[in-house]
Amino acid sequence: MAKPGGISRPCFFIVVAATLWVLTLYLRLLVPIAFSGRVAVHSGGGKDPCRGRYVYIHDLPPRFNAEILRNCSAAYAGWPKMCDDVSNGGLGRPMSGGAFTGETGWYATHQFALDAIFHGRMRQYGCLTNDSAASDAVFVPFYAGFEFAAHSWGYDAAARDAASADLVRWLVRRPEWRRAGGRDHFVVGGRTAWDFMRSDPNSAWGNAFLLSPAAKNLTLLAVETATLGWGNDVAVPYPTYFHPRSDAEVLSWQQRIRDSDRWWLTSFVGATRPGDDKSIRSQIVAQCTASPSCRQLGCAFGSAQCHYPGDIMVLFMSSTFCLQPSGDSSTRRSTFDAMVAGCIPVFFKPRSAYLQYRWHLPRDHATYSVLIPDESVRAGNVSIEAELRKIPPAAVVKMREEVIKLVPRLLYADPRYKLQTVKDAFDVAVDGVLERVKQQIKGGGDYGATAGWR
C-alpha cells in the first residue's frame, strides 16, 4: 500500500525514463554548445604564440544557436532528418560496418552541417580570449545555415529574415562591433552564400542576411561563395565523412589511400539534370556508361546508391579521376569526398573550385586537378576518357600525391578532440580570417581576391 502523497512504483519508473530521455536529447544536441572554450594564458616570458591570433567568441542569446538545434524538427519540410544529421556535435550518425566506423572517425555527415562542426572546433581553438578588447577577431556563433533550413519552406520573406535581422540588431549594439564596425567579426553559414543574398523581396527562396548594411562588414564563411572573392563571403570546404581525432589517424589515412588500388580510370557519383539545358551531367553519364574504364553510382530520385557513404568512399578510393560537374550550384560536396579518398578531381568550370577555395587549394590548380571545358563536353567535341589518357602516368602519380598531401586541409577534425600539429580545414580557415581582418583593418584591400586564378 503506497503511503499518502508518495509516488507509486510505476509512476517512479515513468519519471525516471522521461528524465533519461530528456538528458539523452540534451547530450545529443546541446552539450556541444554548453561547454566553455579554453582560454589561452600567456605567462609573459618570451614570445606570445597567440600574438595576432586571439579570437573572442560572442556569448549569443540561445535563440541564435542552442534553440535552433533544440527545435531541429522544425526544418522537416526541407531537411527531414535534421535532428539525426546534426547530432554528435554536427557530425551526424556514426558509420558502421567495414573499415568506416565511428570508432575510426567516420560519420554520415550532412553536407550542410558545418555550423555546429565549426563552432565545436572554435571552442578547441588554442588562442581564445575572454577579453574582447585584446582579440584580433570576433567569432559570431550564429547558426545561419541551420536557421535558413528551419524557415525557408512555407514562410514569407519577413519570417525568413527575422532571425538574421534580430542578430544584426543585437551585434551593432555591442562594444565589440563598434570597435571596428564589424570588420573583425566572422560567422559561418554552412550553405552557399547565395542562400543569404535574396535581393528580390518577392522571391520564395533565401533570406537577405548578407545584404543588410551592417552584415556587409563581417566575413561569412560559406561552402560556396557568390562573389568569388570580391565580397565578404569566403568559401571553405564542405564537411566530408571523415573527422579524425588525432594526427596519427590523419597520417594513417593518407598512407591507406596512397596504397589503394585504383581499378577505375574515372568515376562519377551523381544524378542527371534533365530539365537543365546548361548541365552536362547527361553527357557525362552517357560517356561513363559507354566506357569499361568508368564506374558510376546513380543518385536519381528513388535510388539508394548515394545514401551509403561507405559505397561512395570505396568507389572514390578505387578511382584515379573523379568527375565533378556542377550540380544544384557551382560547387559539390563530392569534390571533397573524392579528394579525401585520394582521387584526382576533374572539373568542367573554374567556378567549381578554382574561383572558390582560395585558402584551401593551391593556386596552381594543374598540380592536383584537371579542367575540361564544359562547352566541349556539351557539344560532343571531346571524349573525357581520351583527354585523361593523354596525361603521362608519371604526371598522374604526381598529381595524386599532391591530392593526398592536401587531405588534412580539406577535412574537419572531430570537434571533441584536438589535432596537435596537423592543420585541418578549420585551422586554415581561421588563419585566413585573421589575415583578412588584419588587411581590412589596415585598409590594405581584400585579402585573397581571386583575380588571375590561372
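Quick summary incoming for the structure in this document. Remember, predicted model here, so these are calculated numbers, not experimental data.

Comments concerning the sheet that holds strand β5 (residues 233-235)
- Taking strand neighbours across the sheet as the criterion, the five strands line up as β1-β2-β3-β4-β5 in an open arrangement whose pairing is parallel. Edge positions in the sheet fall to β1 (55-57) and β5, since each has one partner strand and no second. On average, adjacent strands in this sheet sit at an angle of 35° to one another, irrespective of strand direction.
- Looking at chain direction, strand β4 (residues 219-224) and β5 are connected through three bridges and run parallel. The partner of Leu-220 across the bridge, within β5, is Asp-233.

Digging into the pairing of β4
- Counted residue by residue, β4 has six buried out of six residues, so it is predominantly covered.
- Inspection of the sheet shows strand β3 (residues 185-192) paired to β4 by five bridges, in the parallel sense. Bridge pairing in β4 places Phe-186 opposite Thr-219.

Here we look at the state of the cysteines
- In this structure the tally under the stated criterion is four disulfides.
- Disulfide pairing is shown between Cys-72 and Cys-83; the S-S distance is 1.9 Å. In this structure the cystine formed by Cys-72 and Cys-83 twists about its S-S bond by roughly 105°; its chirality is therefore right-handed. Of the two residues, Cys-72 sits in the loop between α3 (66-70) and α4 (82-85) while Cys-83 sits in helix α4, which places them 11 residues apart along the sequence.
- A residue is classified by how much of its surface remains accessible, and Cys-83, at 26% relative accessible area, is partly exposed.

Parameters and conventions
- Each chain has its residues counted from 1, following the order in which its sequence is written.
- Given that the model is predicted, a residue must reach a pLDDT of at least 70 before its local features are reported, and side-chain atom pairs must reach 80 or more before they are shown or counted; all residues, however, enter totals for whole chains, interfaces and linings.
- Only heavy atoms go into the side-chain values, all of them from the structure, while hydrogens and water stay out.
- Two strands are said to pair when DSSP picks up at least two bridges between them.
- Strands are runs of DSSP state E lasting at least 2 residues, helices are runs of H or I lasting at least 4, and numbering of each runs from the N terminus.
- Angles here are taken between N-to-C directions and fall from 0 to 180 degrees, while the axes themselves are lines fitted to C-alpha atoms, restricted in helices to the stretch in contact.
- The classification of residues rests on relative accessible area computed with a 1.4 Å probe and restricted to protein chains. Under 20% of the type maximum is buried, over 50% is exposed, and intermediate values are partly exposed.
- Throughout, a disulfide means two cysteine sulfur atoms within 2.5 Å of one another.

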